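An overview of the molecular structure
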Amino acid sequence: MQIIIAALLLVGGCALQHLASASETKPAGTAAKVVQPEPPGDHNAFFGLDKIWDVHIRVPNHGWDGMSPEGVGYQARFPYTEAAVHIAGHDAITVGLRFKGNATYWKLPRDSLKKSFKLDFNRVHEQQTFLGLKKLNINNNLFDQTQLREALSQLAYRESGVPAARTAFARVYLTLESTLKAGNSNQKVEKRFLGFYTLVEQVDRGLLRRQTGDTGSLFKPEGEVLPFLGYTWNENYDEAYRPRNKVKSKMSRILIDLAKLMDEHGSGFTGDTDRGAFQARLEKLLDIEAFLRYLAVSILTGNGDNWLFLGQKNYYLAVSEKNSMVSFLPWDLNNSLGGMGKFVGINFEELSIQRHSSQPLVLRILELPKWRERYLGIVRELIEGSCSAERMTAALRVAQRTVSSAIALEVKQSGMPSQPPDLSQFFIVREKSVLDQLAGRAKGVEIDRGKKGRRNRK
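Residues numbered from 1 in each chain as written. Predicted model: local features only at pLDDT ≥ 70, side-chain atom pairs only at ≥ 80, totals over all residues. Heavy atoms only, no water.

**Digging into the sheet that holds strand β9 (residues 315-319)**
Operational definition: By definition, two strands form a pair when at least two bridges between them are found by DSSP. Only runs of H or I of at least four residues qualify as helices and only runs of E of at least two qualify as strands under DSSP, and these elements are numbered from the N terminus. Note on geometry: axes are C-alpha line fits, over the in-contact stretch for helices, and angles between N-to-C directions span 0 to 180 degrees. Contacts were defined at the residue level, with two residues in contact if any of their heavy atoms lie within 4.5 Å.
In spatial order, the strands read β8-β9-β10; together these three strands make up an open sheet with antiparallel pairing. Strands at the two margins of the open sheet, each flanked by one partner only, are β8 (217-219) and β10 (326-330). Sheet twist, expressed as the average angle between the axes of neighbouring strands with direction ignored, equals 25°. Examined bridge by bridge, β8 and β9 share three bridges and lie antiparallel to one another. By the bridge assignment, L218 is partnered in β9 with A318. Relative to the sheet, helix α11 (residues 288-300) contacts β9 and β10, its axis offset from that of β10 by approximately 20°.

Here it is, written out as structure tokens:
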């Protein structure tokens with residue numbers, strides 16, 4: 001995690017400048033009228049690369065200041081306030097509103113209004129949802145000049161058979177019922193255009209039910225991956241694994257057993273018997289097929305800001321109610337598709353498909369011939385299908401047509417770069433590199449963070 005934090009601290013320039021200026025240096029009323037489509041009738045009609053909606057957030061007196069974080073840095077807590085929100089032509093509803101993000105919050109100028117937000121639809125009124133959704137994330141796309149990496153990457157996971165958040169796009173407006181202190185004066189904020197955002201579905205049990213027909217327990221860990229902290233679930237497990245719902249004894253037992261297995265084999269195998277025992281035990285605890293698909297998409301999309309590569313965060317663990325196995329789900333993909341490369345000096349376009357992570361779970365699985373062969377088969381399937389340059393570029397063009405006018409408005413208002421990088425070049429280079437590696441013509445860029453198999457402890 002220290003590496004990823006240091007990398008993000010290096011980011012500056014236009015990405016921060018356009019977010020700072022978009023909200024506090026321009027008056028309200030500059031946005032052109034936009035014809036809205038019919039309000040969506042359900043969550044399926046709400047999400048998609050071809051969907052862009054108006055979102056208007058109205059914060060009551062002193063509510064904005066009340067959302068200031070408690071604490072500093074990555075351990076800070078963001079408190080909720082009540083707010084009214086109009087989404088996609090629907091009537092206003094009262095919701096819980098808070099800021100969200102790590103670097104996407106802390107690297108913003110303090111007085112910037114273009115924060116990322118989380119909406120909690122049933123925090124104020126129990127059982128209230130929006131189109132069946134309990135929460136919704138409104139992301140400011142900080143650090144991503146293309147503003148499309150999150151949406152395209154989430155799509156790649158879903159089309160490859162990995163449960164992942166759906167997305168849409170938004171023009172976001174803000175009204176503050178109290179005046180805002182700005183320098184030596186107070187400013188009134190009345191339906192001010194904050195800019196272009198990405199709307200991201202919350203990973204919760206509802207997402208699992210909609211996409212897999214399953215539920216179970218969800219966790220959003222940070223820190224060491226799969227730490228073993230004793231044979232009984234306790235507050236240390238709560239802190240490390242961060243459960244998103246009440247933890248059932250059966251579900252916690254599965255995670256503890258998986259953590260214990262990795263604790264025993266984190267540094268490798270002692271021989272064939274040990275290797276065979278590991279394989280047999282892991283097949284009962286981890287959904288291997290699901291994990292290999294998650295791993296393959298992460299590698300093919302150059303998703304550098306997660307536990308596999310440079311950090312120890314940005315993923316969910318799900319323990320299935322149906323098969324009692326653990327699976328991994330992606331989160332926070334605004335630095336995927338090679339986005340982290342310029343910050344950390346790694347060419348993700350040519351990332352190795354076999355030596356790409358020092359995480360013990362990945363190393364042990366790929367040391368076993370049966371699973372390594374299956375993984376490479378999935379890589380080939382996906383690079384010729386859902387993650388191919390042709391498929392990804394087609395999705396890119398759909399998204400670009402959807403968002404072009406909204407981004408043009410933000411460019412006009414903020415002075416952000418008008419010609420961001422074209423991701424189609426990443427797709428072309430990545431596909432060629434992967435096919436060359438599969439054919440034995442290239443090895444790819446390897447990532448080695450130290451002694452093979454060593455666990456990354458805080």
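**Some words on unusual backbone geometry**
Stated formally: Burial here depends on accessible area, computed with a 1.4 Å probe over protein chains only, as a share of the maximum for the residue type. Under 20% is buried, over 50% is exposed, and the range in between is partly exposed.
The residue Q127 is not glycine, and still its phi comes out positive at about 80°. Along the chain, the position of Q127 falls in the loop between β4 (116-120) and β5 (135-139). Given a relative accessible area of 66%, Q127 falls into the exposed group. At Q147, a position not held by glycine, the phi torsion is positive, near 60°.

**Brief notes about the side chain of K220**
Inclusion rule: A positive count includes Lys and Arg, and a negative count includes Asp and Glu. His and the chain ends are not counted in either. For this document, the term salt bridge refers to a Lys or Arg side-chain nitrogen within 4 Å of an Asp or Glu carboxyl oxygen.
Inspection of the secondary structure assignment puts K220 in the loop between β8 and α8 (235-241). Buried and unpaired, K220 has E222 as its nearest opposite-charge partner, separated by 4.3 Å. With near-sequence residues (within four places) excluded, K220 lies in contact with Y241, R242, R244, Y315, Y316 and W331.

**Side note on the environment of D332**
Relative to the helices and strands, D332 resides in the loop between β10 and α12 (341-344). Look at D332 and you get partly exposed, because its relative accessible area is 25%. Sequence separation of D332 and Y315 is 17 residues, and the distance between their C-alpha atoms is 7.8 Å. For D332, the contacting residues outside a window of four places in its chain are E150, D305 and N314.

**Concerning the nonpolar core**
Note the cut-off: As used here, the term nonpolar core means buried Ala, Val, Leu, Ile, Met, Phe, Trp, Tyr and Cys residues forming a set that is joined through side-chain atoms within 4.5 Å.
Counting 87 residues, the largest nonpolar core has L152, Y241, L282, F291, W307 and L361 as the members making the most contacts within it. If you look at the next biggest cluster of nonpolar residues, it comprises 37 residues, including W53, V55, A170 and V189.

**Things to note about the packing of aromatic side chains**
Note the threshold: Two aromatic rings, drawn from Phe, Tyr or Trp (for Trp, its six-membered ring), form a pair once their centres lie within 6.5 Å of each other, and the interplanar angle then sorts them: stacked below 30 degrees, edge-to-face above 60, tilted otherwise. Geometrically, a lysine NZ or arginine CZ counts as sitting over a ring once it is within 6 Å of the ring centre and also within 35 degrees of the ring normal.
Across all of its chains, the model carries 31 aromatic pairs by this definition. Between W64 and F99, the aromatic rings sit 5.0 Å apart at their centres with planes inclined by 75°, giving edge-to-face as the arrangement. Pair noted here: W64 is in helix α4 (residues 63-66) and F99 is in strand β3 (residues 93-100), with a separation of 35 residues, a long-range link. Pair check on accessibility: W64 and F99 agree, each one buried. Measuring from centroid to centroid gives 5.7 Å for Y237 and Y241, while their planes differ by 35°, and the two rings are tilted. Of the two residues, Y237 and Y241 are both situated in helix α8; the distance of four residues between them amounts to about one turn of the helix. Residues Y237 and Y241 agree in their burial class; the two are buried. Taken together, the ring pairs connect W64, F78, F99, Y105, W106, F117 and Y197 into an aromatic cluster. Sitting over the ring of Y173, K191 keeps its end group 5.6 Å from the ring centre. Above the ring of F269, the side-chain terminus of R364 is found at 5.9 Å from the ring centroid.

**Brief notes about the packing of helix α15 (residues 389-414) against helix α16 (residues 424-438)**
Rules: Should an angle lie under 35 degrees it is considered roughly parallel, over 145 roughly antiparallel, and from 65 to 115 roughly perpendicular; all remaining angles are considered oblique. Residue type decides the class: Asp, Glu, Lys and Arg count as charged, Ala, Val, Leu, Ile, Met, Phe, Trp, Tyr, Cys and Pro as nonpolar, and the leftover types, Gly among them, as polar.
Axis separation between α15 and α16 bottoms out at 9 Å; the angle between their running directions is 170°. Taken together, the axis directions place α15 and α16 in an arrangement best described as roughly antiparallel. Between α15 and α16, the contacting residues are A389, E390, M392, T393, L396 and R397 on the first element and S424, F427, I428 and E431 on the second. Of the residues contributing to the contact of α15 with α16, the split by class is five nonpolar, two polar and three charged.

**Here's the deal with the pattern of salt bridges**
Applying the stated criterion across every chain, the model contains 27 salt bridges. A salt bridge links K248 to E321, with the nearest nitrogen and oxygen atoms 3.3 Å apart. Here E321 lies in the loop between β9 and β10 and K248 lies in the loop between α8 and α9 (249-265), a separation of 73 residues in the sequence. According to the relative accessible area criterion, K248 is partly exposed, its value standing at 42%. The exposure class of E321 is partly exposed, given its relative accessible area of 30%. We note a salt bridge from E264 to K260, for which the minimum N-O separation is 4.0 Å. Residue E264 and its partner K260 are both found in helix α9; the two are separated by four residues, about one turn of the helix. By sharing partners, the salt bridges in this structure join E289, R293, R374 and E381 into a single network.

**Observations concerning the packing of helix α14 (residues 369-383) against α16**
The criterion, for reference: Put simply, a crossing is left-handed when the front helix is turned counterclockwise from the back one by less than a right angle, and right-handed when it is turned clockwise.
Interhelical geometry of α14 versus α16 gives an angle of 145° and a closest axis separation of 11 Å. By crossing handedness, the relation of α14 to α16 is classed as left-handed. Only E431, V434, L435 and L438 of α16 make contact with α14, whose side of the interface consists of L376, V379, R380 and I383. Grouping the constituent residues of the contact of α14 with α16 by class yields six nonpolar, no polar and two charged.

**Here we look at the pairing of strand β2 (residues 81-87)**
The side-chain alternation of β2 yields one buried face, formed by T81, A83, V85 and I87, and one unburied face, formed by E82, A84 and H86. Inspection of the sheet shows strand β1 (residues 52-59) paired to β2 by four bridges, in the antiparallel sense. Residue pairing for β2: I57 is matched across the bridge by V85. Once β2 ends, the chain turns through five residues before running back antiparallel as β3, passing A88 with a positive phi of about 55°.

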